[in-house]
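Listed below are the residues making up each chain.
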Amino acid sequence: MSNLCWIRRDLRLHDHAALSSSLEDGETTLVFVFDPHILDKLKNKEDRRVTFIYQSLQEMEAELQKRGSSVIVKYGNPEEEIPKLAAELKVKNVYTNRDYEPYAKDRDTKVSKKLHSLNIGFKQFKDSVFFEKQEIQTGSGTIYKVFTPYKNKWLEKFESQGKIISNYECNLKNLRKFLNPESILSIDWYKKIGFIETLPLLSGGTKQALKRLKEFESIIDNYKTARDIPSIEGTSLLSVYIRHGNLSVRDMLRVGTVQRSDGGKTWVSEIVWRDFYQMILDAFPYVEKGPFKPEYAKIKWMGTNEDFAAWCEGRTGYPLVDAAMRCLNATGMMHNRLRMVVASFLCKTLLIDWQKGEKYFAETLLDYDLAANNGGWQWSSSTGCDAQPYFRIFNPYSQSTKFDPQGEFIRQWIPEIAHLSAKEIHQPDELKAPDYYRPIVSYETNRRRALLMYSVVKNK
Ligand SMILES: Cc1cc2nc3c(=O)[nH]c(=O)nc-3n(C[C@H](O)[C@H](O)[C@H](O)COP(=O)(O)OP(=O)(O)OC[C@H]3O[C@@H](n4cnc5c(N)ncnc54)[C@H](O)[C@@H]3O)c2cc1C
């Protein structure tokens, strides 16, 4: 009897919990399903994420072909495709890693039921996070809703386990040997799924991911200070790789925990944030549709559709916000500091519902991840479990002078004001920058409005 290992957001052949167990248990076939439920939601048929996944699958396929094997690729509803294939191959079990998104959990329950009705097992593993929700709980057995005590418990548990980071070895000799005429290297799967190949800024695959990780290792000691400056490469740029599982969370933690510097510790803390938001989504799935704190669902957002369009297109007249949005639109990437700036600006300066911004990020970000994106937006809009207080409103001008003091990042993305001095560029003068936009709203006036808007629902 053999097994099927269903690959989803874990596109790699090393340190893979489900694949490792499947191979240990018996001969294994790999499958990946392009799911129309997910693909149909992507408006742009030149979606960078699809190309990223495609490239990752191509790399996997090339590795498998060297071993006389292949990944079976399907296009269809996984609830149908997986049981059908499992039955055709007469496998004993389907192996897969757990996914904490509401849609994925529901899908997996349905797949599992169908498999059981066929007498086929469905085995799920912890892989994409380091600790799951039941592993990090308060003394009274509840879920942490505040990050710092969660992180302290996370670190305490990690230390008490001897800081052991498992490596799920994958014995690829146990892959089923077969020739797949419909592999991702043999036929045009873009055509089959209705998408067009693009050129993402970062190409998919484990080789690229591990190369980046190695490069980042050499600068990790500076991370604590460098991570806040968008004009330099001070962060790892690994989010897209971890999102698609080209590398494991354990690959990342190994690098972070080996470094005893403040940089290494801060980086580990960011990875703990990632676990925290996955855990929040898993425990409180309603956050996908609305605020963690229900009182904030009552906010009457006053912003306009015109201002939302200006925000999306980078023409609000606030240079740092516009530069960040233009960078996002052109590359699919945005620095963490800028995500916080533009998110705060959308809901607390333009007075627009944060969920519109969340959706725009979901459509645009190469590293889009429901849990992290939702967590980031709920934090910025003060509607989340451990969010910044609603009266903390980022001043886009002081964020600009503090985090892009020389205006280098702004110059890169807004050529209309590139000639201005470091002093002038943050708040351009109409006469010196006639080609650039005037601020579409007044920060000061709307700051007062935002405070009112939030306090009304808060004090109800
Ligand atoms: C409004 C908003 C939306 C966001 N949307 C996403 C998203 O869709 N996908 C996403 O991966 N991250 C998101 N983040 C978190 C963060 O901005 C990105 O993870 C980070 O910018 C990715 O760059 P990096 O890989 O160089 O990060 P690094 O600074 O090198 O951090 C290392 C890793 O830690 C994780 N991480 C870092 N910060 C956070 C955080 N605040 N929350 C959760 N995980 C974190 C990421 O996996 C990241 O790759 C969002 C943040 C905000 C404020």
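A brief structural summary.

1. Quick notes on the site of the ligand
In the vicinity of the ligand, 25 residues are found, and the nearest of them are Tyr 223, Thr 235, Ser 236, Leu 237 and Asn 336. Between the ligand and the protein, one listed contact pairs an oxygen atom with a side-chain N or O atom of Arg 339 at 3.3 Å. Look at the ligand: alone it shows 830 Å² of surface, and the protein chains cover 94% of it. Looking at the shell around the ligand residue by residue, the classes come out as 14 nonpolar, 6 polar and 5 charged.

2. Description of the side chain of Asp 99
In this fold, Asp 99 is placed in the loop between strand 4 (91-97) and helix 5 (102-117). Despite its burial, Asp 99 remains without a salt bridge, the nearest opposite charge being carried by Arg 9 at 4.2 Å. At 3.1 Å, the side chain of Asp 99 and the backbone nitrogen of Glu 101 are in polar contact. Apart from residues no more than four positions distant in its own chain, Asp 99 is found in contact with Arg 8, Arg 9, Ala 104, Lys 105 and Arg 107.

3. Focus: the nonpolar core
Grouped together as the largest cluster of nonpolar side chains are 94 residues, with contacts concentrated most on Tyr 150, Trp 154, Trp 267, Phe 276 and Trp 311. Broken down by element, this core gets its largest block of residues, 10 residues, from helix 12 (residues 262-283). Here this core spans two domains, since at least three of its residues come from each of domain 2 (129-165 + 206-283) and domain 3 (294-458). The residues touching Trp 267, leaving out its near neighbours within four places in the chain, are Leu 213, Phe 216, Ile 220, Tyr 223, Ser 236, Leu 238, Met 252, Val 255 and Gly 256.

4. What to know about the sheet that holds strand 5 (residues 121-125)
Strand order in the open sheet made by the 5 strands is 3-2-1-4-5, with parallel pairing throughout. Every other strand in the sheet has two partners, leaving strand 3 (71-75) and strand 5 as the edge strands with one partner each. Recorded for the sheet is a direction-independent mean angle of 25° between the axes of neighbouring strands. For strand 1 (residues 2-7) and strand 2 (residues 28-34), the ladder comprises 5 bridges, and the chain directions are parallel. By the bridge assignment, Ile 7 is partnered in strand 2 with Phe 32.

5. Structural notes on the packing of helix 16 (residues 354-364) against helix 17 (residues 370-380)
Put simply, helix 16 and helix 17 touch, their axes get as near as 10 Å, and they point 150° apart. The angle between helix 16 and helix 17 places the two elements in the roughly antiparallel class. With respect to the hand of their crossing, helix 16 and helix 17 are arranged in right-handed fashion. Where helix 16 approaches helix 17, its residues Trp 354, Gly 357, Glu 358, Phe 361 and Ala 362 are matched on the opposing element by Asn 373, Asn 374, Trp 377 and Gln 378.

6. What to know about the packing of helix 6 (residues 147-160) against helix 12
In a packed pair of helices, the relevant descriptors are the angle between the two axes and the axis-to-axis distance. Relative to each other, helix 6 and helix 12 sit at 110°, their axes nearing to 10 Å. Of the possible angle classes, the one that applies to helix 6 and helix 12 is roughly perpendicular. Mapping the contact onto sequence places Phe 147, Tyr 150, Lys 151, Trp 154 and Leu 155 in helix 6 and Val 268, Ser 269, Val 272, Trp 273, Asp 275, Phe 276 and Met 279 in helix 12. Here the contact of helix 6 with helix 12 is composed, by residue class, of 9 nonpolar, 1 polar and 2 charged.

7. Brief notes about helix 11 (residues 249-258)
Along helix 11, 7 of the 10 residues are buried, which leaves the element largely enclosed by surrounding structure. For helix 11, the full list of buried residues reads Val 249, Arg 250, Asp 251, Met 252, Leu 253, Val 255 and Gly 256. Considering only its buried residues, helix 11 is in contact with helix 1 (17-25), helix 6, helix 8 (206-217), helix 10 (239-244) and helix 12.

8. Here we look at the side chain of His 16
Inspection of the secondary structure assignment puts His 16 in the loop between strand 1 and helix 1. We classify His 16 as buried; its relative accessible area is 0%. A polar side-chain atom of His 16 sits 3.0 Å from the main-chain amide nitrogen of Leu 19. Side chain to side chain, His 16 and Asn 97 meet in a polar contact 3.5 Å long. Apart from the residues lying within four places of it in its own chain, the contact partners of His 16 are Cys 5, Ile 7, Asp 10, Asn 97, Asp 127, Tyr 168, Cys 170 and Arg 250.

9. Some remarks on the packing of aromatic side chains
With the rule as written, the count across this model stands at 34 aromatic pairs. Here the aromatic rings of Phe 130 and Phe 131 are separated by 4.9 Å at their centres, their planes lie at 75°, and the arrangement is edge-to-face. Residue classification places Phe 130 among the buried residues on the basis of a relative accessible area of 8%. These aromatic residues form a ring-pair network of at least three members: Tyr 144, Phe 147, Tyr 150, Trp 273, Phe 276 and Tyr 277.

10. A few points about the pattern of salt bridges
For the coordinates displayed, the defined rule picks out 33 salt bridges. A salt bridge links Asp 369 to Arg 9; the shortest N-O distance between them is 2.6 Å. Remark: Arg 9 occurs in the loop between strand 1 and helix 1 and Asp 369 occurs in the loop between helix 16 and helix 17; sequence separation between them is 360 residues. Arg 326 is the salt-bridge partner of Glu 416, the closest N and O atoms lying 3.1 Å from each other.

Cut-offs used in this document
Residues numbered from 1 in each chain as written. Predicted model: local features only at pLDDT ≥ 70, side-chain atom pairs only at ≥ 80, totals over all residues. Heavy atoms only, no water. Near = heavy atom within 4 Å. Polar contact = N/O pair within 3.5 Å; in protein donor to acceptor, adjacent residues only side chain to side chain. Areas by Shrake-Rupley, 256 points an atom, 1.4 Å probe, with all protein chains shown as cover. Nonpolar A, V, L, I, M, F, W, Y, C, P; charged D, E, K, R; others polar. Helix = DSSP H or I, 4+ residues; strand = E, 2+ residues; numbered from the N terminus. Buried < 20%, exposed > 50% of the residue type's maximum accessible area, 1.4 Å probe, protein only. Lys, Arg positive; Asp, Glu negative; His and termini not counted. Salt bridge = Lys/Arg side-chain N within 4 Å of Asp/Glu carboxyl O. Contact = heavy atoms within 4.5 Å. Core = buried A, V, L, I, M, F, W, Y, C linked by side-chain atoms within 4.5 Å. Domains from an automatic or database assignment. Pairing = 2+ DSSP bridges. Axes fitted to C-alpha atoms, helices over the stretch in contact; angles between N-to-C directions. Parallel < 35°, antiparallel > 145°, perpendicular 65-115°, else oblique. Left-handed = near helix turned anticlockwise from the far one by under 90°. Phe/Tyr/Trp six-rings, centres within 6.5 Å; stacked < 30°, edge-to-face > 60°.

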